[in-house]
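Below, each chain spelled out in residue letters.
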Protein chains: 2
Amino acid sequence: MEATLLIGYLASICSVGSFVPQACKVVKTGDTSALSARMYVLTVTGFALWTVFGVLKGEWPIIIANAICFCLSAFILLRKLGGCERGNRRDDRKV
Amino acid sequence: MEATLLIGYLASICSVGSFVPQACKVVKTGDTSALSARMYVLTVTGFALWTVFGVLKGEWPIIIANAICFCLSAFILLRKLGGCERGNRRDDRKV
């Protein structure tokens with residue numbers, strides 16, 4: 001396999017996989033106080049757009065990877081905004 | 001501009017821009033307790049690999065966008081691991 005392609009695949013795995021431990025931590029601790037709601041609004045919007053981009057390109061790897069990331073980051077955002085977290089002050093949700 | 005390309009650009013802006021509010025929140029509050037160190041290890045590794053991918057492809061937009069994300073996410077990771085945060089218990093750093 002070409003080195004550039006291999007690096008691209010490894011980078012994709014890291015980017016997609018990075019949301020798994022954060023989602024697990026939110027489930028485990030219920031604490032989202034230090035997470036930025038604005039970050040996750042942008043992240044979820046970005047993954048939705050990447051998924052649409054994949055659909056328009058007809059590229060299944062782009063669709064699948066970004067759809068998974070969309071679901072994981074949307075879950076984290078909903079937990080952040082949901083008000084069911086422990087230790088979140090009302091002010092924290094705006095930052 | 002072609003719709004697919006426009007969506008790709010918008011998606012890039014969201015993905016790159018998403019780390020700015022989280023980095024700002026870390027600076028402002030000093031609180032990284034709810035952030036997953038494992039997430040940021042994968043994120044930083046992913047952006048480093050994407051930057052190398054951009055260098056090998058000779059694509060400046062890929063290099064610049066991912067180098068910025070690498071710096072922002074590395075800053076967040078260093079603050080998470082640095083032990084200078086408020087409210088972080090030793091156990092939290094492992095999750």
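All values derive from a computational prediction rather than experimental measurement.

Caption draft 1: The overall build of chain A, seen in detail. Within chain A, the regular secondary structure consists of four helices and zero strands. The buried share of chain A, taken over its 95 residues, is 44%. Put simply, of all contacts in chain A between residues at least 6 apart along the chain, 68% involve residues at least 24 apart. As displayed, chain A offers around 5000 Å² of accessible surface, 69% of which is attributable to carbon and sulfur atoms.

Caption draft 2: Molecular detail of the nonpolar core. Tyr40 of chain A together with Phe19 and Tyr40 of chain B are the most contacted members of the largest nonpolar core, which has 27 residues in total. Among the elements of the structure, helix H2 (19–29), helix H3 (37–57) and helix H4 (60–81) of chain A together with helix H2 (19–29), helix H3 (37–57) and helix H4 (60–82) of chain B are those that each provide at least two residues to this core.

Caption draft 3: Region of interest: the UniProt feature "transmembrane region" (unreviewed entry) in chain A. Per the UniProt annotation, the sites labelled "transmembrane region" (unreviewed entry) are residues 6–27, 39–56 and 62–81 of chain A. Summarising residues 39–56 of chain A: 100% helix, 0% strand, and an end-to-end C-alpha distance of 26 Å.

Caption draft 4: Representation of the interface of chain A and chain B within the structure. At the interface, 37 residues of chain A touch 37 residues of chain B. Here chain A packs against chain B, burying approximately 3100 Å² in sum over the two surfaces, 73% of which is carbon and sulfur. For the pair chain A and chain B, the number of links is zero salt bridges. The interface formed by chain A and chain B holds ten residue pairs in polar contact (both at pLDDT 80 or more) in total. Mapped by element, the contributors of at least two residues to the side of chain A that touches chain B are helix H1 (3–17), H2 and H3 of chain A. Per-element accounting of the side of chain A that touches chain B gives the leading share, 13 residues, to H3 of chain A. Taken together, the residues of the side of chain A that touches chain B sort by class into 17 nonpolar, 13 polar and seven charged.

Reading guide: rules and limits
- Residues numbered from 1 in each chain as written.
- Chains lettered and ligands numbered in written order.
- Predicted model: local features only at pLDDT ≥ 70, side-chain atom pairs only at ≥ 80, totals over all residues.
- Heavy atoms only, no water.
- Helix = DSSP H or I, 4+ residues; strand = E, 2+ residues; numbered from the N terminus.
- Buried < 20%, exposed > 50% of the residue type's maximum accessible area, 1.4 Å probe, protein only.
- Contact = heavy atoms within 4.5 Å.
- Areas by Shrake-Rupley, 256 points an atom, 1.4 Å probe, with all protein chains shown as cover.
- Core = buried A, V, L, I, M, F, W, Y, C linked by side-chain atoms within 4.5 Å.
- UniProt positions renumbered as here; feature names shortened; annotations may be inferred.
- Buried area = accessible area lost by both parts, 1.4 Å probe.
- Salt bridge = Lys/Arg side-chain N within 4 Å of Asp/Glu carboxyl O.
- Polar contact = N/O pair within 3.5 Å; in protein donor to acceptor, adjacent residues only side chain to side chain.
- Nonpolar A, V, L, I, M, F, W, Y, C, P; charged D, E, K, R; others polar.

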